[in-house]
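# Analysis of the macromolecular model
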Amino acid sequence: MPNAIGIIFANSGYAILQGLAEERPIAAVPFGGRYRILDFALSSMVNSGIRTIGLVTPHQYRPLLDHLGAGKDWFLDRKAGGLFILPGVMHSLAGNSHTFCIKDLQHNMEFLQKDSVENVVISCGDQIFNMNMMNALDVHEEKQADVTLIYKENDNIDDLTDEVFLELDESQRVSSIRDQKGLEWSESDRPHYVNMLIIRRPLLLDIVEKYSSFGCMSLINILTKNLDVLKIYGSATRSVIRTIRTINDYFDQSMELLDQEVRERLWLGADRIHTKIVDNPPTQYTSKAKVHNSLIASGCTIAGEVLNSIIFRGVILEKGCKIKNSIIMSKCHIHENAQMEYAILDKAVTVHEGNVLKGRSSNPLVVHKRTVI
Amino acid sequence: MKKQECVAMLLAGGQGSRLGGLTRKRAKPAVSFCGKYRIIDFSLSNCTNSNINTVGVLIQYRPFLLNSYIGLGSAWNLDNPFGGVHILPPFLGDEEGSWYNGTANAVYQNYEFIDFYDPDYVIILSGDHVYKMDYSLMLKFHKEKNSEITLATIAVPWEETSRFGMLTVDEEARITRFTEKPAHSDSNLASMGVYIFNWSTLKHALIADAGDYQSQNDFGKNIIPQQLNLGKRVFAYQFHGYWRDVGTIESYYHANMESLSDGHFLNIFDQKFRIFSNEDILPPHFVGLKAEIKNSLVCNGCIVHGMVSNSILAPGVYVGEGVTIENSILLPYVKIHAGSVILKTIVGENAEIMNNCIVGAKGVVTPDQEGITVIEDYHIIPIGSIIEAGKNVYSTRTS
């Protein structure tokens, strides 16, 4: 067991995703057939041996609490430790991104005060990854660092807007933390911080106390300001890490799961991604089913044709329907001979007989929850 | 401790030797069924769905995998502070104690457990039947009839009456005659092996039976006939629905395959009466570009690149390219490598069939057990093997 507790900011990241994240935070957006995006951060911490995790909630937190319950499915229904809900503060304007806002922690100081562990592992809740954080914790202890920032090298990122870049000396100590301003495109493959860090608990308490009067300040900004007085180190990761900022990100990263190699790195290894268990029966294929290159969750009934698609739990596809390059979330019902291409159907959508839905690869069609077509 | 109205005693200690290679490493109730389930899931889920939250599970034969599967019973919502699941192995006392010798003896040895909860009624269940049943309706019947012992019964086809314990009842459903596997029966009501006793009646019956050295200490063979002879109020509760004993390779195979047919009575898709299970956490299954799956059940974590028809793929199964699987049941984590053909076969858990094998090939003689081939758990079939239909393939011996 590592000498650490975890905090996940489920309110980091803000995007509507054409309605997928309108009534739920990005952390609660369904992903990969049976998961929610938060499952990845939560499972990574649990698989790293952390059994005390505080979850900073966004303002529409009902779907998250519904999903998490007492944290049983992540082994977080502990007598000592377990899952703690840390109500987040309302930030100024919706849409302002405040990753790791100090005010959120100030309102939940007790969570940090009552534990006696040495370190706090902090992660955002809107990234898709499967990472064992023990490696970074080892680096943290070996260097006797105050703070260890987890970073990635050589990632081809298209959108630099919110990226934070690091400069490290040969001992892996961070010498500069900066955003993309003034950065040439050719430099974009330098180490960039992946919204995960390890910090000494007493130091974090100190920072929260000193900076709380400044309002909504983000932790990384405070660290940048104190770079000279703190021992801040970097720890590299080779894990697949994906961030979802647009509906295209969501679509592309979902479709990436059809690649065996991505699946192997994300969820077929020793560390599993845990999620809420619903005890569905196996998926039933009828004699009319034709399914190719697709991911299918449990509890579905499949009588139609499916190609290059992701089908969530409990979906019914009647005979003659054709599903191509689409994502169909749980409990959708597609009636006979309906067709769709490049569509994303939110939960419990019904498509009646013979309807045709068509989006484009560059602009997938999103159908809102419980729509009847 | 809170008094319970009804305590369930689940008989899960039998070897199940007629399931051959499937039960050499695990007790029969822990055998995989219908993809993601294990046989015991049905009895445990029935208890949960019938508001019975105190269950004693009597174990004896190879209990490790069964015990670890049951755990605290939380998968079936049975991790209840007032009751819950109790694993009851044979034990030693100062002078008494022994292996369980018959079903009645197993319950007799645990009378302290039942007394601990001070129930009015005890329901005896079998861990090797597949069915969905609301025991609370049977208990209601038991009370209405002012019955001392109630047997759950099901109508079976007349030609099969010689396989079951048959009951003859009068017009108010009181049992007048019980015959174990009769050659000719005047009734087609078979005992399902589900009994409700008044605890006081059961206690006296067990004590009397334990003193009888002629007795085989079996509920069906001894306790029920003895109590009938004593003139106790024994009633038959007729169950309407799907019920299967999966004690043999043939019945296990058919019960599994029946779940593929439309309008199946077991209806595992019915969310109102859910069957719970303690499943492994696995991602959705992946269906490859060249795969074809027809009329089959597929579970989480499977990777399918070949052709699958009329078959059941349990969690974590791998089907390589160019593989053909027909009329077969692949149990959890089975791997079938490229080019192999699997026909009418039950492949045991974690077994691996290497490239270009034919399993279930047509032989020259008429095959045994209806031509169903069985591969034992963890067995590895080497490249290019041909295994004739109806064989039982074991790791250490062939029969």
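Since this is a predicted model, take the numbers as computed values, not measurements.

For the rest of this paragraph, the subject is the sheet that holds strand S24 (residues 341-343) of chain B. All names here are of chain B. Taken in spatial order, the six strands make up an open sheet running S15-S18-S21-S24-S27-S30, and their pairing is parallel. Across the chains shown, the open sheet's two edge strands, defined by having one partner strand only, are strand S15 (292-294) and strand S30 (386-388). In this sheet, neighbouring strand axes are inclined to one another by 10° on average, regardless of whether the strands run parallel or antiparallel. Note: strand S18 (residues 307-309) against strand S21 (residues 324-326), three bridges, orientation parallel. Among the inter-strand pairings, Val308 is bridged to a residue of S21, identified as Ile325.

Here the structure, examined in full by the defined rule, presents 20 aromatic pairs over all chains. Ring geometry for Phe9 of chain A versus Phe100 of chain A: centroids 4.8 Å apart, planes at 40°, classification tilted. With Phe9 of chain A in strand S1 (residues 4-9) and Phe100 of chain A in the loop between strand S5 (82-87) and helix H3 (102-106), this pair connects stretches of sequence that are 91 residues apart. For the pair Phe9 of chain A and Phe100 of chain A, one class covers both residues: buried. A centroid spacing of 5.6 Å and a plane angle of 85° characterise the contact between Phe33 of chain B and Phe42 of chain B, whose relative ring orientation is edge-to-face. Summarising the burial analysis for this pair, Phe33 of chain B and Phe42 of chain B share the class buried. In this structure an aromatic cluster arises from ring pairing among Phe31, Tyr35, Phe40, Tyr250 and Trp267 of chain A. Above the plane of the ring of Phe286 of chain B lies Arg263 of chain A, whose end atom (NZ or CZ) is 3.9 Å from the centre. We note Arg38 of chain B situated over the ring of Tyr69 of chain B; from NZ or CZ to the ring centre the distance is 5.4 Å.

With that out of the way, let us pick up empty space enclosed by the protein. On inspection of all chains with the given rule, the structure shows three cavities of 30 Å³ or more. By volume, the largest cavity is sized at about 110 Å³. Asn280 and Ser298 of chain A together with Lys36, Glu279 and Asn300 of chain B are, among the 16 residues lining the largest cavity, the residues nearest its centre. When its residues are assigned to classes, the lining of the largest cavity shows seven nonpolar, three polar and six charged. Its boundaries defined by the atoms lining it, the second largest cavity holds a volume of some 50 Å³. Looking at the second largest cavity, the residues that line it are Phe31, Ile128, Val240, Arg242, Gln253, Glu256, Leu257, Val262 and Leu266 of chain A.

The next thing to look at is the interface of chain B and chain A. Residue-level contacts link 36 residues of chain B with 38 residues of chain A. In this assembly, chain B packs against chain A so that about 3000 Å² is buried in total across both faces, 53% of it on carbon and sulfur atoms. Of all residues in chain B, the largest losses of buried area upon contact with chain A belong to Ile281, Pro284 and Phe286 of chain B, amounting jointly to 22% of the total for that side. At the junction of chain B and chain A, the tally comes to one salt bridge. Broken down by secondary-structure element, the contributors of at least two residues to the side of chain B that touches chain A are strand S14 (285-287), S15 and strand S16 (296-298) of chain B. Residues of the side of chain B that touches chain A, tallied by class, amount to 20 nonpolar, nine polar and seven charged. One ladder, built from three bridges, connects strand S16 (residues 294-296) of chain A with S14 of chain B; its direction is antiparallel. Paired with Ser294 of chain A across the strands is Val287 of chain B, a residue of S14 of chain B.

Moving on, we come to the side chain of Gln227 of chain B. Residues and elements named next belong to chain B. Locating Gln227 in the fold gives a position in helix H7 (residues 219-229). For Gln227, a relative accessible area of 3% translates into the label buried. Sequence-distant contacts of Gln227, that is, excluding residues within four places in its chain, are made with Ile149, Thr201, Ala205 and Lys232.

Residues and elements named next belong to chain A. With respect to burial, S1 is a largely interior element, six of its six residues being buried. Judged by which residues are buried, S1 turns out to be covered on both faces: Ala4, Gly6 and Ile8 on one side and Ile5, Ile7 and Phe9 on the other are all buried. Two strands pair when backbone bridges link them, and S1 and strand S6 (residues 119-124) are joined in this way by six bridges, in the parallel orientation. Considered in S6, the bridge of Ile8 is made with Ser123. Taken together, the four bridges between S1 and strand S4 (residues 52-57) define a ladder with parallel strand orientation.

Each disulfide consists of one covalent bond between the sulfur atoms belonging to two cysteines. Considering all chains together, one arrives at zero disulfides over all chains under this definition. Here Cys332 of chain A stays free of any disulfide, with the sulfur of Cys300 of chain A as its closest cysteine sulfur at 10.0 Å.

Residue and element names in this part refer to chain A. Relative to S5, S4 is paired through six bridges, and the arrangement is parallel. Residue pairing in the sheet places Thr52 in a bridge with Gly82 of S5. Handedness of the β-α-β unit built from S4, helix H2 (residues 62-68) and S5 comes out right-handed.

Attention now moves to the domain arrangement of chain A. Residue and element names in this part refer to chain A. Here the domain parsing of chain A yields domain 1 (4-267) and domain 2 (284-367). Taken together, the contact pairs 20 residues of domain 1 with 23 residues of domain 2. Between domain 1 and domain 2 lies a buried interface of about 1700 Å² when both sides are counted; carbon and sulfur atoms form 66% of it. Contact with domain 2 buries area across many residues of domain 1, yet Gly33, Phe251 and Leu258 alone supply 34% of it, more than any other trio. Residues Asp346 and Arg24 are paired through a salt bridge, measuring 2.9 Å at the closest nitrogen-oxygen approach. Run the count over domain 1 and domain 2 and you get three residue pairs in polar contact (both at pLDDT 80 or more).

Here the focus is the side chain of His337 of chain B. All names here are of chain B. If you trace the backbone, His337 turns up in the loop between strand S23 (335-336) and S24. Engagement of the side chain of His337 in a polar contact is seen with the side chain of Glu352, the distance being 2.8 Å. Apart from residues lying up to four places away in sequence, His337 is in contact with Tyr318, Val323, Glu352, Ile353, Met354 and Asn355.

A few words on helix H1 (residues 38-47) of chain A. All names here are of chain A. Taken across its ten residues, H1 has ten buried, putting it largely inside the fold. Turning to H1, its buried residues are Leu38, Asp39, Phe40, Ala41, Leu42, Ser43, Ser44, Met45, Val46 and Asn47. One or two residues past the end of H1 sits Gly49, with phi positive at roughly 95°.

On to the packing of helix H6 (residues 199-210) of chain B against H7 of chain B, then. Residue and element names in this part refer to chain B. The geometry of H6 relative to H7 is characterised by a closest axis approach of 11 Å and an angle of 115° between their N-to-C directions. With respect to H7, the axis of H6 lies roughly perpendicular. Considering how the two elements wind past one another, H6 and H7 form a crossing that is right-handed. When H6 is examined against H7, the residues Thr201, Leu202, Ala205, Leu206 and Asp209 are found in contact with a partner set consisting of Phe219, Asn222, Ile223, Gln226 and Gln227. For the contact of H6 with H7, the class distribution of residues is five nonpolar, four polar and one charged.

Rules behind the numbers
- Residues numbered from 1 in each chain as written.
- Chains lettered and ligands numbered in written order.
- Predicted model: local features only at pLDDT ≥ 70, side-chain atom pairs only at ≥ 80, totals over all residues.
- Heavy atoms only, no water.
- Pairing = 2+ DSSP bridges.
- Helix = DSSP H or I, 4+ residues; strand = E, 2+ residues; numbered from the N terminus.
- Axes fitted to C-alpha atoms, helices over the stretch in contact; angles between N-to-C directions.
- Phe/Tyr/Trp six-rings, centres within 6.5 Å; stacked < 30°, edge-to-face > 60°.
- Buried < 20%, exposed > 50% of the residue type's maximum accessible area, 1.4 Å probe, protein only.
- Lys NZ or Arg CZ within 6 Å of the ring centre and 35° of its normal.
- 1 Å grid on protein atoms, 1.4 Å probe; cavity = no way out; pocket = protein on both sides within 12 Å on 5 of 7 lines; lining within 4 Å.
- Points joined across faces, edges and corners; volume = space filled by probe spheres on them.
- Nonpolar A, V, L, I, M, F, W, Y, C, P; charged D, E, K, R; others polar.
- Contact = heavy atoms within 4.5 Å.
- Buried area = accessible area lost by both parts, 1.4 Å probe.
- Salt bridge = Lys/Arg side-chain N within 4 Å of Asp/Glu carboxyl O.
- Disulfide = S-S within 2.5 Å.
- Right-handed = clockwise from strand over helix to strand, strands pointing away.
- Domains from an automatic or database assignment.
- Polar contact = N/O pair within 3.5 Å; in protein donor to acceptor, adjacent residues only side chain to side chain.
- Parallel < 35°, antiparallel > 145°, perpendicular 65-115°, else oblique.
- Left-handed = near helix turned anticlockwise from the far one by under 90°.

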